[in-house]
Amino acid sequence: NAAPPQHPRAPETVRGTAATPSLTIVLFLGVSMITRSRALAGPQSRNVKRLRLCAGRTVSGDLRGTKRRVSEKELRSDDAKVGGEDHIDSITQQKPWYRKFVAEGDKVYAEYMENEWGFPVLDDRKLFEMLVLEGAQAGLSWATILKRRDGYREAFHDFDIKKVSAMTDRDQLALLKNPKIIRHRGKIKSAIGNARCALEIVEEHGSLSTYLWRFVGGKPKINNWRSITEIPTRTVEAELMSKALKKKGFSFVGT
């Protein structure tokens, strides 16, 4: 089996937007390959976290058409704080682009956007975590799921695929009484069933990552949308992956 693609952690190259509550399975956006569609508000909307990865190196393109080196001092500015009240970027002089759909004061969501969104993911456990969380999100908001994320990690063995696949009917009944997660019988059953399906993929393809990344040719798909209205509700990649996963027995993986 071919090794999974090795992508740099460079979220500054990955673009996408905003926040439809429905699950769309697409391999391109970074934080995981299983995520909702999102998009940047415009070419000047980079946030300080992204620029921090470029400190001491040439940054060009989106910063008002300029090309210069970004200093560590600029990036350590108090304006770069995440969460809490809105801040203005010390470099772009704009609020974080994700404030178009992340409520002010939602520190959990803001930290997710700053520290996770936009990074390609190769780790099977992380991919399975996003699969479970996105399935739980069906019909709900992503903010609702993020607030329960620690509860899901506790309830589902930190998303260890083998351990989740071994959970029993008794475990399912206990989870229905767990206030730290979404107590939906179908979604709980789906998480355990999907773990078993994921194990079969690992046996066949070597890893869940190897299997999923093939839907985009082994590399992130870079989008250049500038407004929410440009974002398609479905993509060819999403449809193909959804159908393939359903055929393998997965549930709650619709587009």
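Check the entry above for the structure.
Described below are features of the structure shown in this document. Small disclaimer: the values here were computed from a predicted structure and weren't measured.

What to know about the overall build of the protein
No. 1: Regarding its fold elements, the protein presents eleven helices and two strands.
No. 2: Ordered by position in the sequence, the α and β elements of the protein form the string α-β-β-α-α-α-α-α-α-α-α-α-α.
No. 3: Counting only residues that meet the buried cut, the protein has 52% of its 255 residues in that class.
No. 4: A fraction of 63% describes how many contacts in the protein between residues 6 or more apart in sequence connect residues 24 or more apart.
No. 5: Only carbon and sulfur atoms are counted for the fraction: they give 50% of the accessible area of the protein, which is about 12,200 Å².

Structural notes on the pattern of salt bridges
No. 1: Under the definition given, this model contains twelve salt bridges.
No. 2: Residue R149 is joined to E129 by a salt bridge in which the shortest nitrogen-to-oxygen separation is 2.8 Å. Highlighted residues: R149 in helix α6 (residues 149-155) and E129 in helix α4 (residues 124-137), separated in sequence by 20 residues.
No. 3: Judged by relative accessible area, R149 falls into the buried class, the value being 6%.
No. 4: Note on E129: relative accessible area 6%, which makes it buried.
No. 5: Within the structure, one salt-bridge network assembled from shared partners comprises E116, K126, E129, R149, D150 and R153.

What about the nonpolar core?
No. 1: In terms of nonpolar packing, the biggest core is built from 47 residues, with Y109, M113, F128, Y152 and F156 touching the most fellow members.
No. 2: The set of elements that each furnish at least two residues to this core consists of α3 (107-115), α4, α5 (142-146), α6, α7 (161-165), α9 (185-205), α10 (208-213) and α11 (236-247).
No. 3: Excluding residues that lie within four positions of it along the chain, F156 makes contacts with V164, M167, L175, I181, A191 and I192.

Some remarks on the environment of I188
No. 1: Take I188: it is sitting in helix α9.
No. 2: Judged by its relative accessible area of 3%, I188 is buried.
No. 3: The spacing of I188 and L175 is 13 residues in sequence and 7.4 Å in space, taken between C-alpha atoms.
No. 4: Each residue touching I188, except ones within four places of it in the same chain, is listed here: Q172, L175, L176, I181, I182 and R183.

Considering empty space enclosed by the protein
No. 1: On inspection of all chains with the given rule, the structure shows four cavities of 30 Å³ or more.
No. 2: Taken as a whole, the largest cavity holds about 90 Å³ of empty space.
No. 3: Taken together, 13 residues form the lining of the largest cavity, with V132, G135, A136, K187 and A191 sitting closest to its centre.
No. 4: Those elements giving two or more residues to the lining of the largest cavity turn out to be α4 and α9.
No. 5: When residues in the lining of the largest cavity are grouped by element, the largest group, five residues, is from α9.
No. 6: Split into classes, the residues belonging to the lining of the largest cavity amount to nine nonpolar, three polar and one charged.

The rules behind the values
- Residues numbered from 1 in each chain as written.
- Predicted model: local features only at pLDDT ≥ 70, side-chain atom pairs only at ≥ 80, totals over all residues.
- Heavy atoms only, no water.
- Helix = DSSP H or I, 4+ residues; strand = E, 2+ residues; numbered from the N terminus.
- Buried < 20%, exposed > 50% of the residue type's maximum accessible area, 1.4 Å probe, protein only.
- Contact = heavy atoms within 4.5 Å.
- Areas by Shrake-Rupley, 256 points an atom, 1.4 Å probe, with all protein chains shown as cover.
- Salt bridge = Lys/Arg side-chain N within 4 Å of Asp/Glu carboxyl O.
- Core = buried A, V, L, I, M, F, W, Y, C linked by side-chain atoms within 4.5 Å.
- 1 Å grid on protein atoms, 1.4 Å probe; cavity = no way out; pocket = protein on both sides within 12 Å on 5 of 7 lines; lining within 4 Å.
- Points joined across faces, edges and corners; volume = space filled by probe spheres on them.
- Nonpolar A, V, L, I, M, F, W, Y, C, P; charged D, E, K, R; others polar.

By themselves, these are just geometric observations and shouldn't be taken as functional.
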